Amino acid sequence: MSALATTLSVYADDAKLTGTVIGCAPNNNNNAAEKAFDGDLGTFFRGNYTDENYHRLWVGLDLGKEYVITKIGFAPRQDGDYAKRAVLSLFQGANKADFSDAMPIAMVREEYSKGEMHYIPVNVSRGFRYVRFMGVNGVKGSVAELEFYGHEGVGDDSQFFQITNLPTVAFNTPNMAQIMAKDDKHPGSTVYVISDDGKTLLYEANPKTQLKGRGNASWGMPKKPFQIKFENKQQILKDAPAKAKKWTLINNHGDKTLMRNHVAFEMSRLAGMAYTPYLRFVDVVYNGEYEGCYQLCDQVEVNKNRVNIEEIDINEETHEPYDPNADITGGYFLEVDGYANKENEGEWFSALHGGYPVPVTIKSPEDMLPTSQPYQWIKKHFEKFLASTLSIQAKTDISKIEDYLNIDSFLKYFIIGELDGNPDTFWSTYMFKPRGVDQFTVAPIWDVDLGFDNDNRHYPINTKYSGFIYEHGSQASAKYTEVVKRIVSENPDSKKRMKEIWSDLRYNHNYNTEHFNKLIDDAAAEINESQKLNFTRWPILNTLVHQNPEARGSFEAEVQFIKDYLVERFAKLDQLIGLEEPPAGIDDIIAGPTGPARYYNLSGVEVNADNLTPGVYIKVDSTGSKKVLVK
Ligand code: CA
């Protein structure tokens, strides 16, 4: 309020601006662009669209020179439900006649009553020559009346429009072209990342600044996932570890908490996985239309702050003659991948060790020929790993398979997949191999939207299955599931190691419901404003989407569900994996007891023995001896 008051007092002469009326084609002459500026609330602009699913219809003014806009007057179309439909429509400012540099400056956040003007304050310090109303899809560009107010000047870049408390990522493809497929690339795009309450702007609009789609199942949803590829490496937000060209915008359309990946990534960080992707919640504007709450995320690729291996130069390392013991040993970044055969030749292979093939996508290096030496080398090396792990039996010395596998990384990946309950854990498994190291390391965790009991094929996993979820989940191949089985259930040494890791995570690394409840509550608060807009844009809270087992009717109910799921899941894994006796450090927390047995949670806080919720506790009997109790 005070900022607005200041603006108005400094620019008391802010005037209603005039200019040349501009707009896209109307659906008929009665609804031409001028009707939005004729002072008559009964007449309106309405655009003409050719694609029912992609309107991008607009009307505005060419002001002739730059003005800093301070207020917008808006009146919705009076007939039908157009006032309601206009909610989430954006106003944009630009300095290029084709609006290729358009950025959002204000939003229609609520349903405005018909038959009167409504005034929306604008707090953007940059001046614009071109301003427009960009109607959200269903409104067909319709608006009864528009007014723009401001003062002349180019302004400055101290303040931009951030839709909610989250950063806003706004992008424009050339000519506002629709992104039609996941590999439909649009170079020459414009990308804005507005953060720090509108105080910080990242902007790139170069010939190679590119937008495209991404994803597999997620591309088929109405809210689309995207990939940004900058021409120059960018640190997209101040806390992003990597400076990189590629960044992803994950849609989370089937995940109505919008945060399943975020919660799983915390499990990965706490477990000390070799790499956990960067993730921030953002609002996305796609060619002037609000698309919802997304997760801005790393592209999973080789980078010193992502998958940190030395990348092979395939041109350098396929020349003849070569040293088979040196260059071609890596690094390699692979994905055991149920979708591998959709990749181009040279970008995947089918590994064989007896019977069923294992499909593997080569994420790095890219663009190899199947005949090239690195391609042949990595395929053979992976087959050695396969043979080694498939040879595991009860009496196998587990240290032998460590020739080809970092077992701890594998077991942590397995544990996280079981805790988040992601049935796709072994549909897609990322592994990398640094140069000169024979071992594969498993990382990162990725794509957990079906986890946390979000898959009707497995719901409810805590009671439907007595054992681990991996035995029932989607698998890249039967052979790879056999690899998992050999490691996690055939060999006492690896089972013992898994129990050690699980116990360490439970006792020492915040693997407990208190920590995750707080994480989830914090995220829910952070995205609260954005989720409301998201579910206005996509009213799906009462609809089954993708593999949803239930529609719980509200964001809050969806969030509560994953908290409840985790309480049960921690207890279940305590039983399935087992827990070691508590570490000595617990002694310092628990005061010596007297009298009857007492119970403590893993944070060392005493709990009431009469109503223990499912979980793991430390029972201290009257003699002071301690035991792990799993309830
Ligand atoms: Ca009018």
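Please read all numbers here as calculations on a predicted model, not as lab measurements.

**Student:** Please provide a residue-by-residue account of the overall build of the chain, values included.
**Tutor:** Within the chain, the regular secondary structure consists of 13 helices and 26 strands. Taken over C-alpha atoms, the radius of gyration comes to 28 Å for the chain, in line with the 25 Å a tight globule of 631 residues would show. Judged by the C-alpha coordinates and their principal axes, the chain covers about 85 × 75 × 40 Å. Each of the 631 residues in the chain was classed as buried or not, and the buried ones make up 57%. Across the chain, the centroid of the 68 positively charged side chains sits 2 Å from that of the 87 negatively charged ones.

**Student:** Requested: an account of the packing of aromatic side chains, with residues and values cited.
**Tutor:** Tallied over the entire structure, the rule returns 40 aromatic pairs. Judged by centre distance (5.9 Å) and plane angle (65 degrees), the rings of Phe-382 and Phe-440 are edge-to-face. Here Phe-382, found in helix H5 (residues 373-390), pairs with Phe-440, found in the loop between strand E21 (428-433) and strand E22 (441-442); they are 58 residues apart in sequence, far enough to count as distant. Note on accessibility: Phe-382 and Phe-440 belong to one class, buried. On the basis of an interplanar angle of 70 degrees and a centroid distance of 5.5 Å, the ring pair of Phe-385 and Phe-440 is categorised as edge-to-face. One end of the pair, Phe-385, is in helix H5; the other, Phe-440, is in the loop between E21 and E22, and 55 residues separate them in sequence. Given a relative accessible area of 0%, Phe-440 falls into the buried group. Feature note: the residues Phe-410, Tyr-413, Phe-414, Phe-426, Phe-468, Tyr-470 and Tyr-480 constitute an aromatic cluster, connected by ring pairs. The ring of Trp-538 carries the charged tip of Arg-537 above its face, separated from the ring centre by 4.0 Å.

**Student:** Pulling in residues and values, what's your account of helix H9 (residues 492-508)?
**Tutor:** The terminal C-alpha atoms of H9, which comprises 17 residues, lie 24 Å apart, in line with the 24 Å expected from a rise of 1.5 Å per residue. Listed in full, the buried residues belonging to H9 are Ser-494, Met-498, Ile-501, Trp-502, Ser-503, Leu-505, Arg-506 and Tyr-507. Two residues or fewer past H9, Asn-510 is found with a positive phi of approximately 60 degrees.

**Student:** Lay out the sheet that holds strand E12 (residues 200-204) with the relevant residues and their values.
**Tutor:** Spatial ordering of the open sheet is given by E10-E13-E14-E15-E17-E16-E9-E11-E12, a layout of nine strands whose pairing is mixed. In this open sheet, the two strands that pair with only one neighbour each are strand E10 (186-187) and E12. The pairing of strand E9 (residues 168-172) with strand E16 (residues 279-286) spans four bridges and is parallel. Of the residues in E16, the one forming a bridge with Thr-168 is Asp-283. Here helix H3 (residues 260-270) sits on the sheet and contacts strand E15 (244-250), E16 and strand E17 (289-298); the angle it forms with E16, its principal contact strand, is near 155 degrees. Its contacts with the sheet put helix H11 (residues 528-537) on E16 and E17, and the angle it makes with E17 is roughly 125 degrees.

**Student:** For the pattern of salt bridges, give the residues involved together with the corresponding values.
**Tutor:** By the definition in use, this model includes 32 salt bridges. Between Asp-183 and Lys-212 there is a salt bridge; the shortest N-O distance is 3.3 Å. Remark: Lys-212 occurs in strand E13 (residues 210-213) and Asp-183 occurs in the loop between E9 and E10; sequence separation between them is 29 residues. In this structure Asp-183 comes out as exposed when scored by relative accessible area, which is 52%. Measuring nitrogen to oxygen at the nearest pair gives 2.7 Å for the salt bridge that ties Asp-521 to Lys-563. Note that Asp-521 is positioned in helix H10 (residues 513-526) and Lys-563 in helix H12 (residues 555-577), a separation of 42 residues in sequence.

**Student:** An account of the environment of Ile-309 is requested, with residue identities and associated values reported.
**Tutor:** By the secondary structure assignment, Ile-309 is in the loop between E17 and helix H4 (314-317). The buried category is assigned to Ile-309, whose relative accessible area is 8%. When the C-alpha atoms of Ile-309 and Ser-554 are compared, they prove to be 43 Å apart, with 245 residues separating the residues in sequence. Those residues in contact with Ile-309 that lie beyond four places of it in its chain are Val-302, Gly-331, Tyr-332, Phe-333, Phe-432, Lys-433 and Pro-434.

**Student:** Lay out unusual backbone geometry in plain terms, naming residues and giving numbers.
**Tutor:** Most of the time, phi is negative for any residue but glycine, and the peptide bond is trans. Cis geometry marks the peptide bond from Ser-364 to Pro-365, where omega comes out at 0 degrees. Structurally, Pro-365 is set in the loop between strand E20 (357-364) and H5. Of note, the amide linkage connecting Tyr-459 to Pro-460 takes the cis form, showing an omega dihedral of -10 degrees. Along the chain, the position of Pro-460 falls in the loop between E22 and helix H7 (461-464). Positive phi is not limited to glycine here, since Asp-197 has a value of about 55 degrees.

**Student:** Break down the coordination of the calcium ion for me, citing the residues and quoting the values.
**Tutor:** Coordination of the calcium ion by the protein involves Lys-35 (O), Asp-38 (OD), Asp-40 (O), Thr-43 (O), Thr-43 (OG1), Ala-144 (O) and Glu-145 (OE), with metal-donor separations of 2.2 to 2.7 Å. Mapping the donors of the calcium ion onto the primary sequence yields the spacing K-x2-D-x1-D-x2-T-x100-A-E. In this structure, Ala-144 and Glu-145 share a single accessibility class: buried.

**Student:** Residues and numbers for the nonpolar core, please.
**Tutor:** In summary, soluble globular proteins display a tendency toward joint burial of nonpolar side chains. Of all hydrophobic cores here, the largest spans 108 residues; its most connected members are Met-259, Val-263, Phe-382, Phe-410, Tyr-480, Tyr-511 and Leu-566. Counting 77 residues, the second-largest nonpolar core is a separate cluster that includes Leu-61, Val-191, Trp-219 and Leu-296.

**Student:** Break down the pairing of strand E18 (residues 332-337) for me, citing the residues and quoting the values.
**Tutor:** Burial analysis of E18 places six of its six residues in the buried class, which makes it a mostly covered element. Every second residue of E18 is oriented toward a common face, with Tyr-332, Leu-334 and Val-336 on one face and Phe-333, Glu-335 and Asp-337 on the other, all of them buried. Relative to E21, E18 is paired through six bridges, and the arrangement is antiparallel. Looking at the pairing, Leu-334 lines up with Met-431 of E21.

**Student:** Report on the state of the cysteines, specifying residues and quantitative values.
**Tutor:** All told, the structure shown has zero disulfides when counted by the stated rule. Looking at the unpaired Cys-293, the closest cysteine sulfur is the one in Cys-297, lying at 13 Å.

**Student:** An account of helix H8 (residues 478-490) is needed here, citing residue identities and associated values.
**Tutor:** Of the residues making up H8, those classed as buried are Lys-479, Tyr-480, Thr-481, Val-483, Val-484, Arg-486, Ile-487 and Val-488. Its buried side turned inward, H8 meets E18, E20, H5, helix H6 (407-419), E21 and H9.

**Student:** Could you give an account of a positive patch on the surface, naming the residues involved and the relevant values?
**Tutor:** On the surface, Lys-185, Lys-208, Lys-229, Lys-233, Lys-243, Lys-245 and Lys-304 cluster together into a positively charged patch. Structurally, Lys-185 can be placed in the loop between E9 and E10.

**Student:** Describe the sheet that holds E18, with residues and values.
**Tutor:** In space, the five strands of this open sheet follow the order E19-E20-E18-E21-E22, with antiparallel pairing throughout. Only two strands of the sheet have a single partner each, and these edge strands are strand E19 (348-352) and E22. Taken together, the two bridges between E21 and E22 define a ladder with antiparallel strand orientation. Counted as the bridge partner of Met-431 is Val-442 from E22.

**Student:** Describe a negative patch on the surface, with residues and values.
**Tutor:** A contiguous patch of negative charge on the surface is contributed by Asp-397, Glu-402, Asp-403, Asp-438 and Asp-493. Within the element layout of this structure, Asp-397 appears in the loop between H5 and H6.

Calculation criteria
- Residues numbered from 1 in each chain as written.
- Predicted model: local features only at pLDDT ≥ 70, side-chain atom pairs only at ≥ 80, totals over all residues.
- Heavy atoms only, no water.
- Helix = DSSP H or I, 4+ residues; strand = E, 2+ residues; numbered from the N terminus.
- Rg over C-alpha atoms; globule rule 2.2 N^0.38 Å.
- Buried < 20%, exposed > 50% of the residue type's maximum accessible area, 1.4 Å probe, protein only.
- Lys, Arg positive; Asp, Glu negative; His and termini not counted.
- Charge placed at Lys NZ, Arg CZ, Asp CG, Glu CD.
- Phe/Tyr/Trp six-rings, centres within 6.5 Å; stacked < 30°, edge-to-face > 60°.
- Lys NZ or Arg CZ within 6 Å of the ring centre and 35° of its normal.
- Expected span 1.5 Å × (residues − 1).
- Pairing = 2+ DSSP bridges.
- Contact = heavy atoms within 4.5 Å.
- Axes fitted to C-alpha atoms, helices over the stretch in contact; angles between N-to-C directions.
- Salt bridge = Lys/Arg side-chain N within 4 Å of Asp/Glu carboxyl O.
- Donors = N, O, S within 2.8 Å, 3.2 Å for Na, K, Ca; no water.
- Core = buried A, V, L, I, M, F, W, Y, C linked by side-chain atoms within 4.5 Å.
- Disulfide = S-S within 2.5 Å.
- Patch = residues over 30% accessible without salt bridge, like charges linked within 9 Å, V, L, I, M, F, W, Y side chains within 5 Å.
- Areas by Shrake-Rupley, 256 points an atom, 1.4 Å probe, with all protein chains shown as cover.

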